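Coordinates in review
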Amino acid sequence: MMRKNKTPEERAEEILRRAARKRNKNSAGKSHLTGLAIWTVGIFGGLLLSIMFIRQSAASTDGPRPAVLVEEGQREPDGEEMQELKILSAQSELPDMEKLEEEYMGTMEVAAYCGGRRTYSGDIPEAGRTIAADLSKFQIGDQLRIGDTIYCVEELVPSDANEELRVYFSSYEEAVAFGRQELSVYRIEKEEEEKEGFLGEFEVTGYCSCSQCCGYKATKLTKMETVPRSSYTVAVDPEVIPLGSKIEIDGIVYLAEDTGKSIKGNIVDIYFDTHEEALIYGRKTKKVYLVP
């Protein structure tokens, strides 16, 4: 049987045991709450860091930053330096205009034109490339810089025109928008490499089928009995360049299909449709190449 009456010592011991159990229970509860609090703070902290990272990435207007290799002991470039690197990279892809040797031709009147026919050089005109020029000042194949655009002389400007240059446009609206302007013109000096088939430097002139150039003829045919064509037919000395040969002058390929009394030695006569055009071409020294 259990005793109902306890000694003072026993009651004191029981009180101590109850107090110990209560402390242990409270300590366990606090530990559980502390762990729960730490876990909760960790979760919310992680979410907060993720949100901050996402916002920072979305706030960038330049998109993801490219990876940059940084040598040991150096820091990665900051935003402004990265922008400067992008600008320098873009500039390095552009042609270095300062390295081009140019001859200033002065301020000239430049007009616009359009039309899909072939140019005087035989090429199909192209906007941003084709330009017509006064052939008393320029030559077919010359490269001219106007502003930041480099054109190639592929067409001639009529002698009765007021302007000295005409820039080609692919549409009538673009040509009208350009109108007529006074612009600075530069001719690019280029060193011509002696390619395979180099025949030497020839005196190059112009001729046509008129009586002044060829005398009176019942039929306007070449020595090879073909119809002469502008930007195609040339007269040569057959002892220097055999008839039927293809030759290249200023990037244009001609066919040697005619001769002439005054064409002796290193002379090439280029055929033109009119006597006026032949006179405008004049007399030039050109490098001539044999085309296989």
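Now for a description of the structure that goes with this document. All values reported here derive from a predicted model rather than from experimental measurement.

1. Structural notes on the sheet that holds strand S4 (residues 149-156)
Taking strand neighbours around the barrel as the criterion, the six strands line up as S1-S5-S2-S4-S3-S6 in a closed arrangement whose pairing is mixed. Across the sheet, the mean angle from the axis of one strand to that of its neighbour is 45°, orientation sign disregarded. Summarising the sheet, strand S3 (residues 143-146) and strand S6 (residues 180-188) pair through two bridges and their orientation is antiparallel. Note on S6: the bridge partner recorded for leucine 144 is arginine 187.

2. Concerning the pattern of salt bridges
The final tally for this structure, using the stated rule, is eleven salt bridges. The closest approach of N and O atoms between arginine 166 and glutamate 163, which form a salt bridge, is 2.4 Å. Salt-bridge contacts for glutamate 163 lead to arginine 180; the nearest nitrogen and oxygen are separated by 2.5 Å. Placement of glutamate 163 in the loop between S4 and strand S5 (165-168) and of arginine 180 in strand S6 is noted, with a sequence separation of 17 residues between them. Of the residues examined, glutamate 163 reaches a relative accessible area of 6% and is grouped as buried.

Procedures and definitions
Residues numbered from 1 in each chain as written. Predicted model: local features only at pLDDT ≥ 70, side-chain atom pairs only at ≥ 80, totals over all residues. Heavy atoms only, no water. Pairing = 2+ DSSP bridges. Helix = DSSP H or I, 4+ residues; strand = E, 2+ residues; numbered from the N terminus. Axes fitted to C-alpha atoms, helices over the stretch in contact; angles between N-to-C directions. Salt bridge = Lys/Arg side-chain N within 4 Å of Asp/Glu carboxyl O. Buried < 20%, exposed > 50% of the residue type's maximum accessible area, 1.4 Å probe, protein only.

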